[in-house]
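Residues per chain, in single letters:
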Amino acid sequence: MKHPNRTKSAFLDWLREQASSLNEAGKFGTSRNYRRAYSSYASFAAESGAPSWPDGNTILKYSTWLQHRGIVRNTVSFYMRILRAAYNKAADTGLVIQQYPFTKVYTGVDRTKKRALDERMIVRILKMDLGADRILDLTRDMFIFSYCTRGMAFVDMIMLKRGNIRGNSIVYSRKKTGQILTIRIEDSIRRIMEKYRSSASDYIFPVLHQDSPASIYRQYQTALGYYNRNLKRLGKLAGTETGLSSYVARHSWASNARKHNIPLAVISAGMGHDSEKTTCVYLASVDSSCVDAANREILSSLDKAEGDWENFNQE
């Protein structure tokens, strides 16, 4: 049923409503994305006098408007996908007649260059003497932990709790996809977890301090920026040519897994597949013990380096 009194800002009103609904539903990341798209399209609409609801010509003009402002193709596509989802939902609810205005603009995702470190650089970072710098020490430990856990995402690391430890395994649900993953706790993983074990908190790492969903999301956003800034510092100290970010551990595990001739089907999400769905299909068909065996082989060089380093310190 059509809304009787839509103004010229009807689409913007709808975007704002969707962002608010998502926030109330606890989908803070998606709500934030909608607000970003709203802000961008509102600026365009104010300059161009866009119609109440966009048509194909309006969306083409918006795409050109973004490109003239130096917005990269993936970001243009990011905005388009959000606006398309909002428009399609409005059409489904009868607020606008479906005209498919997004068919002539790019809504894909360009492949970006994957930045990976070889095993020698991973070992160098592991063995670095960081002195009394506790912030960089935590940053290094979380980076190594991500690598050791097959590229666990930062958001999943900081939300790990003692309840995720089941016997000799970590069992957790990926925040991005909801997929349940089980990871065998190898020695290199156990050492890091034991280092940060605290009776005062259920969390494995000392990053989150409140449990309300809204507070967790705000803390996550702040902590991710802080983590990436410190990773850049760590990368400079280690002498990496590509630099470090929260994604590098994930890409590095994938690259090194390939070097060990591990089948593509065993490599976890985001490791070279065309889509997340394809990766999940591959992973779902692989027995967990096969994945654990692959991870054990990859981490063997770290365990050896850790042992050598401990022997060196005792001499």
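Residues numbered from 1 in each chain as written. Predicted model: local features only at pLDDT ≥ 70, side-chain atom pairs only at ≥ 80, totals over all residues. Heavy atoms only, no water.

1. A short note on the overall build of the protein
When helices and strands are counted, the protein shows 12 helices and 3 strands. Across the 315 residues in the protein, those meeting the buried criterion constitute 44%. For the protein, contacts bridging at least 24 residues in sequence account for 59% of all contacts bridging at least 6. Put simply, the protein shows about 17,100 Å² of open surface, and 51% of that area lies on carbon and sulfur atoms. (Helix = DSSP H or I, 4+ residues; strand = E, 2+ residues; numbered from the N terminus. Buried < 20%, exposed > 50% of the residue type's maximum accessible area, 1.4 Å probe, protein only. Contact = heavy atoms within 4.5 Å. Areas by Shrake-Rupley, 256 points an atom, 1.4 Å probe, with all protein chains shown as cover.)

2. Describing the pairing of strand E3 (residues 180-184)
Taking every second residue as pointing to the same face, the buried face of E3 carries Leu181 and Ile183, while none of Ile180, Thr182 and Arg184 on the other face is buried. Pairing between strand E2 (residues 169-173) and E3: 5 bridges, direction antiparallel. The residue of E3 that forms the bridge with Tyr172 is Leu181. Between E2 and E3, which pair antiparallel one after the other, the connecting turn spans 6 residues, and Gly178 there sits at a positive phi close to 80°. (Pairing = 2+ DSSP bridges.)

3. A look at the packing of aromatic side chains
All chains considered together, the criterion is met by 16 aromatic pairs. Ring centres 5.8 Å apart and planes at 50° place the aromatic pair Tyr196 and Phe205 in the tilted group. An aromatic cluster of at least three residues, connected via ring pairs, comprises Phe11, Tyr41, Phe44, Trp53, Tyr62, Trp65, Tyr87 and Phe102. (Phe/Tyr/Trp six-rings, centres within 6.5 Å; stacked < 30°, edge-to-face > 60°.)

4. So, helix H1 (residues 10-24)
Since the α-helix turns once every 3.6 residues, residues separated by three or four places project in the same direction. Between its first and last C-alpha, H1 extends 21 Å over 15 residues, near the 21 Å set by a 1.5 Å rise per residue. Turning to H1, its buried residues number three or more, namely Ala10, Phe11, Leu12, Asp13, Trp14, Leu15, Gln18, Ala19 and Leu22. Lining the buried residues of H1 we find helix H2 (28-48) and helix H4 (73-92). The first or second residue beyond H1 is Gly26, which carries a positive phi of 85°. (Expected span 1.5 Å × (residues − 1).)

5. Observations concerning the confidence of the model for the protein
Low pLDDT marks stretches whose predicted atomic positions should not be read closely. On average, residues of the protein score 84 in pLDDT, and 84% of them are at 70 or above. The model gives residues 1-7 a pLDDT under 50, and that stretch makes 12 contacts with residues more than four places away or in other chains. Segment residues 276-286 is flagged for pLDDT under 50; beyond a separation of four residues in sequence, or across chains, it makes 23 contacts in the model. (pLDDT = per-residue confidence, 0-100.)

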